[in-house]
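Given next are the chains, with one letter for each unit.
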Amino acid sequence: MADAHATPHHDYHLVNPSPWPLIASIATTLMFIGAVVWMKGLVGPDAGPIAAALLAKGDKVLFFAGLAGVLFSAVAWWADVIKESKAGDHTPVVSIGLRYGMIMFIASEVMFFAAFFWIFFEMAVFNEARAHIPEVAGWADTAAAWSTWPPKGIETLDAWQLPLLNTVILLLSGTTVTWAHHALQVGDRKGARTGLIITVLLGILFTAVQVYEYQHILHEHLFFNEEAANSGLYGSIFFMATGFHGFHVLLGTIFLLVCLLRLMAGQMTPQKHFGFEAAAWYWHFVDVVWLFLFAFVYVTFG
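The rules behind the values
- Residues numbered from 1 in each chain as written.
- Predicted model: local features only at pLDDT ≥ 70, side-chain atom pairs only at ≥ 80, totals over all residues.
- Heavy atoms only, no water.
- Helix = DSSP H or I, 4+ residues; strand = E, 2+ residues; numbered from the N terminus.
- Expected span 1.5 Å × (residues − 1).
- Salt bridge = Lys/Arg side-chain N within 4 Å of Asp/Glu carboxyl O.
- Phe/Tyr/Trp six-rings, centres within 6.5 Å; stacked < 30°, edge-to-face > 60°.
- Buried < 20%, exposed > 50% of the residue type's maximum accessible area, 1.4 Å probe, protein only.

### Remarks on helix H7 (residues 162–185)
Part 1: The terminal C-alpha atoms of H7, which comprises 24 residues, lie 35 Å apart, in line with the 34 Å expected from a rise of 1.5 Å per residue.
Part 2: Two residues or fewer past H7, Gly187 is found with a positive phi of approximately 85°.

Following this line, the structure appears as structure tokens:
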């Protein structure tokens, strides 16, 4: 009777109790509180020594402690998922659920970027309308700055230099990750390994170029300067949209690097490699978002 209850009679996998959701939630909360402490602080200079050491403005301990907890939870949680796959728990029904889950995750990411594009388009297309808003406090100076596009004092980037280079890099990485995926499907492990290595290197190169671009913007004061004193929203939107995408490139690069290590360890086969498939979906999503960023942020409204 006990064996009958222990043996499942369905295709679903009921996971064992796991501490990682709770630990990840606590670590994430700690990380964001730490970010607030780092930027703004939660106590004044007259606080006690312990509070001042942990909660004063500029203190980074809480943020990096939370970040370490998030990374540790992610690694341990995903390691458990891999163990479940090796144990045969990922039945066809479970595999379909994993695919739906990845699709929904990417859809939620699309909504993030839709919000950033929305505010950028709204400010670019309807900027002149702000000049007709009744003056409130110091609004006149801001309205004047936004009466032209780009806003007064802003020096935009040449889309056909570094942005074009990064576009070529990402498009090329999309072809190499597709090559690697196809090679794995047909059992060509060497080709899959080579394609993944090239993709990871291209991801690193993209990040390096974007860091150089940001350094140039900040060093030359292209967006934030005295002439653009009332036009800071342009730089904020630019860094939020492109920086959030750059963060996704970094995550995607790590995602593909883990897949490469697993492939080299013999953990992926032509019949079973959803981890790599999900990473490829994510990477193609990152490519498409960058094409929209390049077309509109750098070229059309740049």
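### Regarding the pattern of salt bridges
Part 1: Within this structure, the stated rule accounts for one salt bridge.
Part 2: Between Arg99 and Glu277 there is a salt bridge, with the nearest N and O atoms lying 2.8 Å from each other. With a gap of 178 residues between them, Arg99 in helix H5 (residues 92–125) and Glu277 in helix H10 (residues 274–300) connect regions that are remote in the sequence.

### A word on the packing of aromatic side chains
Part 1: Applying the stated rule across the entire model yields 29 aromatic pairs.
Part 2: Taken together, a centroid distance of 6.1 Å and an interplanar angle of 50° make the contact between Phe120 and Tyr234 tilted. Taken as a pair, Phe120 in helix H5 and Tyr234 in helix H9 (residues 232–264) lie far apart in primary sequence, 114 residues in all. Considered together, Phe120 and Tyr234 belong to a single accessibility category, that of buried residues.
Part 3: Ring centres 5.6 Å apart and planes at 85° place the aromatic pair Phe238 and Phe239 in the edge-to-face group.
Part 4: When its relative accessible area of 2% is taken as the criterion, Phe238 is described as buried.

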